[in-house]
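# Structural description and commentary
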Amino acid sequence: MYDIDFIITRLNRVIRRKPNLHWHNSRLYYESEYNMVIVLGGKAKYIINSEEIYLKKNDVIIFPPGIVRAGYTDKSDPWEFITINFNLELNEDGKEFFDKKYLLFNNIGTNIHDKFLNIAYLWEGKNPLFAVKCKALISDILYELIRSFLPHSKMPRSEELEAVRTYIQANFREKLSIEALAERMELSVSYFRKLFTRAYGQSPQQYIISLRINTAYDLLESGEANVSEAAILSGFEDIYYFSTLFKKQTGLSPSQVLHTNNKGV
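Throughout what follows, the structure given in this document is the object of discussion. (Residues numbered from 1 in each chain as written. Predicted model: local features only at pLDDT ≥ 70, side-chain atom pairs only at ≥ 80, totals over all residues. Heavy atoms only, no water.)

## A word on the sheet that holds strand β3 (residues 34–41)
The criterion, for reference: If DSSP finds at least two bridges between two strands, the strands pair. Only DSSP runs of H or I covering at least 4 residues are called helices, and only runs of E covering at least 2 are called strands; the numbering of each starts at the N terminus. Fitted lines through C-alpha atoms serve as axes, helices being fitted only where they are in contact, and the angles separating the N-to-C directions of these axes extend from 0 to 180 degrees.
Reading across the sheet, the five strands line up as β1-β8-β3-β6-β9 and stay open at both edges, with antiparallel pairing between neighbours. With partners counted over all chains shown, the strands left at the sheet margins are β1 (6–17) and β9 (103–105), one partner each. Each strand of the sheet is rotated relative to its neighbour by a mean of 15°, with strand direction disregarded. By the bridge criterion, seven bridges tie β3 to strand β8 (residues 80–90) in an arrangement that is antiparallel. Bridge pairing in β8 places Met 36 opposite Ile 84.

## Here's the deal with the sheet that holds strand β4 (residues 44–48)
Read from one edge to the other, the open sheet built from four strands follows the order β2-β7-β4-β5, with strand pairing classed as antiparallel. For this open sheet the edge positions go to β2 (24–28) and β5 (51–55), each flanked by a neighbour on one side alone. Direction aside, the axes of adjacent strands within the sheet are offset by 15° on average. As paired elements, β4 and strand β7 (residues 69–73) share four bridges and run antiparallel to each other. From the neighbouring strand, Ile 47 faces β7, where its bridge partner is Ala 70.

## Focus: the packing of aromatic side chains
Convention followed: Centres within 6.5 Å make a pair out of two Phe, Tyr or Trp rings, where for Trp the six-membered ring is used; the pair is then stacked when the planes are under 30 degrees apart, edge-to-face when over 60, and tilted otherwise. Categorising residues by exposure relies on relative accessible area from a 1.4 Å probe, with only protein chains included: less than 20% of the type maximum marks a residue as buried, more than 50% marks it as exposed, and the intermediate range marks it as partly exposed. Definition used: whenever NZ (Lys) or CZ (Arg) falls within 6 Å of the ring centre and also within 35 degrees of the ring normal, the charge is taken to sit over that ring.
Within the structure shown, the criterion is met by 16 aromatic pairs. With a centroid separation of 3.9 Å and an interplanar angle of 25°, the aromatic rings of Trp 79 and Phe 81 are classed as stacked. Judged on exposure class, the residue Trp 79 and its partner Phe 81 are both buried. Following the ring pairs from residue to residue traces out a cluster consisting of Trp 23, Tyr 46, Phe 63, Trp 79 and Phe 81. Positioned above the aromatic ring of Tyr 29 is the side chain of Arg 27, whose terminal nitrogen or guanidinium carbon lies 5.3 Å from the ring centre. The ring of Phe 236 carries the charged tip of Arg 212 above its face, separated from the ring centre by 5.8 Å.

## Structural notes on the nonpolar core
For the record, the criterion: Joining through side-chain atoms within 4.5 Å is the link that ties buried Ala, Val, Leu, Ile, Met, Phe, Trp, Tyr and Cys residues into a set, and such a set is a nonpolar core. When checking whether two residues touch, look at their non-hydrogen atoms; a contact exists if any pair is within 4.5 Å.
Core analysis: the largest hydrophobic core is formed by 34 residues, its most contacted members being Met 36, Ile 84, Phe 86 and Phe 98. Of all the elements in the fold, those that place two or more residues in this core are β1, β3, β6 (60–63), β8, α1 (92–98), β9, α2 (110–125) and α3 (130–149). Residues in contact with Ile 84, not counting those within four places in the same chain, are Leu 11, Arg 13, Val 14, Tyr 34, Asn 35, Met 36, Phe 116, Ile 119 and Ile 138. Grouped together as the second largest cluster of nonpolar side chains are 18 residues, Ile 168, Ile 178, Ala 199 and Ile 208 included.

## Regarding the environment of Leu 161
Locating Leu 161 in the fold gives a position in helix α4 (residues 158–171). By relative accessible area, Leu 161 is classed as buried at 0%. Along the backbone, Leu 161 and Asn 171 are 10 residues apart, and their C-alpha atoms lie at a distance of 15 Å.

## Section: the packing of α4 against helix α7 (residues 204–222)
Under the convention used in this document: Left-handed describes a crossing in which the near helix is turned anticlockwise from the far one by less than a right angle; the clockwise case is right-handed. Amino acids are sorted into nonpolar (Ala, Val, Leu, Ile, Met, Phe, Trp, Tyr, Cys and Pro), charged (Asp, Glu, Lys and Arg) and polar (every other residue, Gly among them).
It is at 10 Å that the axes of α4 and α7 come closest, and there the two elements cross at 35°. Between α4 and α7 lies a crossing whose hand is right-handed. Only Tyr 207, Ile 208 and Leu 211 of α7 make contact with α4, whose side of the interface consists of Arg 165, Ile 168 and Gln 169. Residue composition of the contact of α4 with α7, by class: four nonpolar, one polar and one charged.

## Quick notes on the side chain of Ser 234
So the rule is basically this: Any pair of nitrogen or oxygen atoms within 3.5 Å is treated as a polar contact; in protein, a donor-acceptor pairing is required on top of that, and neighbouring residues in sequence qualify only through side-chain atoms on both sides.
You can see Ser 234 is positioned in the loop between α8 (227–233) and α9 (239–250). A polar contact is formed between the side chain of Ser 234 and the backbone oxygen of Ala 230, at a distance of 2.6 Å. Setting aside anything within four residues of it in sequence, one finds Ser 234 in contact with Phe 172, Arg 173, Arg 212, Thr 215, Ala 216 and Phe 242.

## With respect to the pairing of β4
Within β4, four of the five residues are buried, which leaves the element mostly enclosed by the surrounding structure. Relative to β5, β4 runs antiparallel, the two being bridged by five bridges. Residue pairing in the sheet places Ile 47 in a bridge with Glu 52 of β5. Count of turn residues in the β4/β5 antiparallel hairpin: two residues, of which Asn 49 carries a positive phi of about 55°.

## Some points on unusual backbone geometry
You will see that Asn 58, though not glycine, has its phi angle at about 70°, which is positive. Its location among the elements puts Asn 58 in the loop between β5 and β6. Even without being a glycine, Glu 186 presents a positive backbone phi close to 55°. For Glu 186, the location among the structural elements is in the loop between α5 (178–184) and α6 (189–200).

As structure tokens, then:
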């Protein structure tokens, strides 16, 4: 399962183009910038080598640095579009995800469409902190687009699965029964467990445990809790069970994390 992370290190330009039946560019190329385009209306096509990519209203395409392509509007229905150029710093999973000739997202929703319009408006106005807000909106757009590629988005009843996962995140410190979680989706326990595991790479119980262990680790590492307190605050009632699971998942005992990261405090 992807663990993608990225930082937008620089926002270089945002351009909104009105329909123009003469628009074309026979050689588009950016050496170090990502280029993200949304079609606001009309139609167009890009050509990479001999591959033709057709775009229509509400399609979004992202090109990584170094990709040479040509672009042409449809003269019978000239496109209107917003193009955004930016630099990204990526972790390894991020590099793997973006390491393609292009990423195409068809028929994106109103939420993403409106964020593109907001970015163009902010860029044109250049009021104080406009770049900060633009970067935040681009991060939101990338989050939504990447999320649509992940396995759980293509699963049966993916929205309900995501709602259950959100519920678990909000309540993992409490007693959660797999039976009750399955009931929320009106599924049998076995089918719920199967869907959840396929979507997120962990069973529901494993996911709950990982949330608790991660929380306990943060508490111990920060020095805000001793071992017993970290166990209770992260949802464990049995400190011995907690210690066993903690070492199994992290390779360290809770006391090792507490002492290693709080020397001299």
